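Here is what each chain is made of, one letter per residue.
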Amino acid sequence: MRRLCIVRLGLASLLVLALASATAAQDDPLTESWRWVHFTTASGLPSNRVFNIIETPDGTVWAATQAGLAWFDGYSWHAVRKSGGLPETKLDAVVPDGDEELFVVADTRLYRGGKEGFQRVPVAHGNREQPVAGAARLDDGRLILLPGNGTLLTWRDGAVTPFEIPSQTGAARSLGLWSTSGRGVWTCTLAGVYRWEQNRWALKVRTARIPFVIQAVAEDGRENGLISFSSPVADRGLWSWAADRPVGPDTGMPREFIESLDVAPRGDAIAVYESGAVWSRRSGRWSPVEPPPAELRSVLFVKFRENGDLWAGSETGLHLLRRSSERWTYWDRGTRDARARVNEILRTRDGSIWIGREEGVEIHRPNGRVEEINSVLGTPLRVITGLAE
């Protein structure tokens, strides 16, 4: 028969550890250092400067770096070298194509492929090859291309055709092309900021004097999103919208330059400022993250995964915040007096967690049931400083 013995030991260090863990569990996951994983060239990345992460429907994770593309096998990264059909340079766009493949824009050229290699895709229009500076995917399968001369083209099965540009006030010139994880496609013209909706460009923000240039845009797929501008300077900071609210400045946030931002599928969000400040939105409320995580210094992009985990590319490598991990669980007795103190913790062979407190023992069973032992054979238990099975 197995017996549990209750003994008295001087274990102040365990008390400090337990209290510290309980406090950390209440913090924003961004500040919990154990959740962060760091990848560098030592992990197989082509460069420590990582600008984007793309996840294809088959579950493959791709990293766009200063020195080209790489894919992750769950343990290490595999760089796509020149022999694999891609230049080893910074990529201008990476767009999923079907379950396993990608379209890639690099050095003004379009490529298509996957783990087995890439092939160049000709983009000919008007009797000549067109340079490509950007790309985005529409819901109908067409690929929008940005030639870099203010026009837009579409590509489908090798056919290249002109694509309409918002033409209000005669300002029919695209200043850029952006796509979001929420399957939105955005562009800027001299007239304003537009989103592709119901087979037309819908005006979201009208230009006053200086044309807008998007720094970052993100959507959650439920008609909610965030956007920041690098120009005009007076309109920097965070802008937001919802299903019942048009795009407008978020007056509760700093009016400063934002390096990157993103929105999680369930509505949580993050904004990283050029100053190094980090703001996090949870349960609909924004608050500064103090201190800002070291992993978000010199950040180049942030992007949530479907499960809520967060990728962050920086000048010093790629970071992954495992928000979905349940390594820690927070148990709160609901009291703030001496009875809440933890002096000892023991995990028994049946999976139960025994906690030695100031007035007895608290037992958390694997099925979620909680028991308390405050006396043994009629003798009250006081301060429990040691447990052993």
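Residues numbered from 1 in each chain as written. Predicted model: local features only at pLDDT ≥ 70, side-chain atom pairs only at ≥ 80, totals over all residues. Heavy atoms only, no water.

Colleague: I'm lost on a negative patch on the surface in this one. Help?
Modeller: Negative charge collects at one region of the surface, where Asp 58, Asp 99, Glu 100 and Glu 101 lie side by side. Considering the arrangement of structural elements, one finds Glu 101 in strand 8 (residues 101–106). Given the relative accessible area of 36%, Glu 101 is considered partly exposed. (Patch = residues over 30% accessible without salt bridge, like charges linked within 9 Å, V, L, I, M, F, W, Y side chains within 5 Å. Areas by Shrake-Rupley, 256 points an atom, 1.4 Å probe, with all protein chains shown as cover. Salt bridge = Lys/Arg side-chain N within 4 Å of Asp/Glu carboxyl O. Lys, Arg positive; Asp, Glu negative; His and termini not counted. Charge placed at Lys NZ, Arg CZ, Asp CG, Glu CD. Helix = DSSP H or I, 4+ residues; strand = E, 2+ residues; numbered from the N terminus. Buried < 20%, exposed > 50% of the residue type's maximum accessible area, 1.4 Å probe, protein only.)

Colleague: Looking at this structure, how should I read the pattern of salt bridges?
Modeller: Opposite charge on two side chains makes pairing possible when the charged atoms of those side chains draw close. The tally for this structure, following the rule as stated, stands at 21 salt bridges. For Arg 357, the salt bridge identified is with Glu 362, shortest N-O distance 3.0 Å. Overlapping salt bridges bring together Arg 195, Glu 197, Lys 204 and Glu 219 as one network.

Colleague: Got a minute to help me understand the sheet that holds strand 30 (residues 342–347) in this structure?
Modeller: Each strand in a sheet pairs with its neighbour through backbone hydrogen bonds, running either in the same direction (parallel) or in the opposite one (antiparallel). Here four strands make up an open sheet; going across it, the order is 30-31-32-33 and the pairing antiparallel. Each end of this open sheet is capped by a strand with a single partner; those strands are strand 30 and strand 33 (370–373). Here the average twist between neighbouring strands, direction ignored, is 20°. Here strand 32 (residues 360–364) pairs with strand 33 via four bridges, running antiparallel. Residue pairing in the sheet places Glu 362 in a bridge with Glu 372 of strand 33. (Pairing = 2+ DSSP bridges. Axes fitted to C-alpha atoms, helices over the stretch in contact; angles between N-to-C directions.)

Colleague: I keep staring at the packing of aromatic side chains and nothing clicks. Help me out?
Modeller: Here a ring pair, both rings aromatic, is described through the centre-centre distance and the interplanar angle of the planes. The full count for this structure, using the stated rule, is 14 aromatic pairs. Ring geometry for Phe 212 against Trp 239: centres 6.0 Å apart, planes inclined by 80°, an arrangement best described as edge-to-face. In this pair, Phe 212 is assigned in the loop between strand 18 (200–206) and strand 19 (213–219) and Trp 239 in strand 21 (residues 238–242), connecting sequence segments 27 residues apart. When its relative accessible area of 4% is taken as the criterion, Phe 212 is described as buried. Classification of Trp 239 as buried rests on a relative accessible area of 6%. Taken together through their ring pairs, the aromatic side chains of Phe 39, Phe 72, Trp 77 and Trp 311 make up a single cluster. It is Lys 90 that lies over the ring of Phe 51; its NZ or CZ is 4.3 Å from the centre. (Phe/Tyr/Trp six-rings, centres within 6.5 Å; stacked < 30°, edge-to-face > 60°. Lys NZ or Arg CZ within 6 Å of the ring centre and 35° of its normal.)

Colleague: It is not clear to me how empty space enclosed by the protein should be interpreted in this structure. Could you clarify?
Modeller: Leftover empty space is mapped by rolling, across the atoms, a probe with the size of a water molecule. Counted according to the given criterion, the structure contains one cavity of 30 Å³ or more. There is about 60 Å³ of room inside the largest cavity. In terms of lining residues, the largest cavity is bounded by Asp 28, Leu 30, Asp 268, Ala 269, Ile 270, Ser 280, Arg 281, Arg 282, Phe 304, Leu 310, Leu 321 and Arg 323. Contributions of two or more residues to the lining of the largest cavity are made by strand 24 (269–273) and strand 25 (278–282). Counting residues per element, the lining of the largest cavity draws most heavily on strand 25, which supplies three residues. Tallied by class, residues from the lining of the largest cavity come to six nonpolar, one polar and five charged. (1 Å grid on protein atoms, 1.4 Å probe; cavity = no way out; pocket = protein on both sides within 12 Å on 5 of 7 lines; lining within 4 Å. Points joined across faces, edges and corners; volume = space filled by probe spheres on them. Nonpolar A, V, L, I, M, F, W, Y, C, P; charged D, E, K, R; others polar.)

Colleague: Whenever I open this one, the sheet that holds strand 9 (residues 109–114) confuses me. Can you help?
Modeller: Judged by pairing direction, the sheet is antiparallel, and its four strands sit side by side in the order 7-8-9-10 without closing on themselves. The open sheet has two free edges, formed respectively by strand 7 (93–97) and strand 10 (117–121), since each of these has just one partner strand. For this sheet, the mean inter-axis angle between neighbouring strands, taken without regard to orientation, is 25°. Here five bridges tie strand 9 to strand 10, and the two strands are oriented antiparallel to one another. Across the sheet, the residue bridging to Gly 114 is Gly 117, located in strand 10.

Colleague: In this structure, what is going on with the confidence of the model for the chain? I would like to understand it.
Modeller: Keep in mind that low pLDDT regions are not for reading the predicted coordinates in detail. The pLDDT averaged across the chain works out to 88; a share of 91% of its residues lies at or above 70. Below pLDDT 50 for its whole length, residues 1–26 participates in 41 contacts with residues either more than four positions away or in separate chains. (pLDDT = per-residue confidence, 0-100. Contact = heavy atoms within 4.5 Å.)

Colleague: Looking at this model, I keep getting lost on the environment of Arg 206. Mind explaining?
Modeller: Note on placement: Arg 206 falls in strand 18. Look at Arg 206 and you get exposed, because its relative accessible area is 52%. For the pair Arg 206 and Val 94, spaced 112 residues apart in sequence, the C-alpha to C-alpha distance is 29 Å.

Colleague: Quick question: what am I supposed to make of the side chain of Thr 60 here?
Modeller: Looking at where Thr 60 falls in the secondary structure, it is placed in the loop between strand 3 (50–55) and strand 4 (61–65). Residue classification places Thr 60 among the buried positions, given a relative accessible area of 5%. Of the polar contacts made by the side chain of Thr 60, one reaches the side chain of Lys 115; its length is 3.4 Å. Thr 60 has contacts with Ile 54, Glu 55, Trp 71 and Lys 115, leaving out every residue within four places of it along the chain. (Polar contact = N/O pair within 3.5 Å; in protein donor to acceptor, adjacent residues only side chain to side chain.)

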